[in-house]
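# Examining the three-dimensional arrangement
Chain residues, written in single-letter form:
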Amino acid sequence: MLKHLYDTDCTTWSPQGKLFQVEYAMEAVKQGSICLGLKSEKYVVLCSLKRQPSELAGFQEKQFKIDDHIGIAIAGLTADARVLCKYMRNECLQHKYTYESDHPINRLIAKIAEKSQHKTQNSSKRPYGVGLLVAGVDQDGPHLFETCPSGNYYEFKCQAIGSRSQAGRTYFESWFQLFEKSSQQQLILHGLTALKKAIMDDEELSEKNVEVGIVGVGQKFKSLSQDELKFYIKELEGFNAGDQMIVE
């Protein structure tokens, strides 16, 4: 089958029932550097691996604060992520100005999904080539959502997206029962361990190429400083997930 006959816009279906431009956008997410998220009953942690285009350049930002109770990590096209980030910030500000309360997380995610899906219905548009992991806290507790360029969204206990993310998901599948009762420090160490398993053999985690954000019940979203990252990366050497007891 000749793909080029069916991928000139995102409204042309192939004989196999596929929208190739939407699949290309989802492939852009898989090509992006890995980011992952995990949550306990009180906290949500986002961990990201930052890349630099060359040795002369700085590292690219992978996490953005949306509001005091929401933060995102991105995999894919950073320019598209900035557009969605600005939209989310505006929605949060407008909701706070109108209702004097924080924007509900699930409603904000639904708005992002609707905005992404609209891009798949117009032949003069293209899908957003970015996937988001959205961490937030509301009256129902902590939440972790993933959004896709297709307009789908899902809530997870833990999830990894981007290149080599399967190794991170494999780690999560082995230990996710521990996360619910984990402390903030344990949750961060679990995230960094999963990130370490997903990087290439010739790479090492450092305070420069890692970004960690955390939000919790009664705690505003914040990114860890380089000194804090250095501490946690050093703690990884003696960390063993199997030593943590499952609390019933």
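Reference entry: report on the structure contained in this document. Model, not experiment: these values are computed from the prediction.

On to the packing of helix H2 (residues 78-99) against helix H3 (residues 105-118). Between H2 and H3, the least distance of the axes is 11 Å, while the angle of their chain directions is 140 degrees. When the interaxial angle is binned, H2 and H3 end up oblique. The two elements H2 and H3 meet at a crossing, and its hand is right-handed. Contacts from Leu84, Tyr87, Met88, Glu91, Cys92 and His95 in H2 reach Arg107, Leu108, Lys111, Ile112 and Lys115 in H3.

Okay, the packing of helix H4 (residues 165-179) against helix H5 (residues 184-198) next. Interaxial distance between H4 and H5 falls to 8 Å at its minimum, and their mutual angle equals 160 degrees. One finds that H4 runs roughly antiparallel with respect to H5. Judged by the twist between their axes, the crossing of H4 over H5 is right-handed. Contacts between H4 and H5 involve Ala167, Gly168, Tyr171, Phe172, Leu178 and Phe179 from the first element and Leu187, His190, Thr193, Ala194, Lys197 and Ala198 from the second. Each residue belonging to the contact of H4 with H5 can be placed in one class, and the counts come to eight nonpolar, three polar and one charged.

Right, let's talk about unusual backbone geometry for a bit. In most cases, non-glycine residues show a negative phi, while peptide bonds are predominantly trans. Here the phi dihedral of Glu100 falls at roughly 55 degrees; this positive angle occurs in a residue that is not glycine. In this structure, Glu100 sits in the loop between H2 and H3. Phi at Arg164 is positive, roughly 60 degrees, even though this residue is not glycine. By secondary structure assignment, the location of Arg164 is in the loop between strand S8 (158-161) and H4. A relative accessible area of 45% means that Arg164 is categorised as partly exposed.

The rules behind the values
Residues numbered from 1 in each chain as written. Predicted model: local features only at pLDDT ≥ 70, side-chain atom pairs only at ≥ 80, totals over all residues. Heavy atoms only, no water. Axes fitted to C-alpha atoms, helices over the stretch in contact; angles between N-to-C directions. Helix = DSSP H or I, 4+ residues; strand = E, 2+ residues; numbered from the N terminus. Parallel < 35°, antiparallel > 145°, perpendicular 65-115°, else oblique. Left-handed = near helix turned anticlockwise from the far one by under 90°. Contact = heavy atoms within 4.5 Å. Nonpolar A, V, L, I, M, F, W, Y, C, P; charged D, E, K, R; others polar. Buried < 20%, exposed > 50% of the residue type's maximum accessible area, 1.4 Å probe, protein only.

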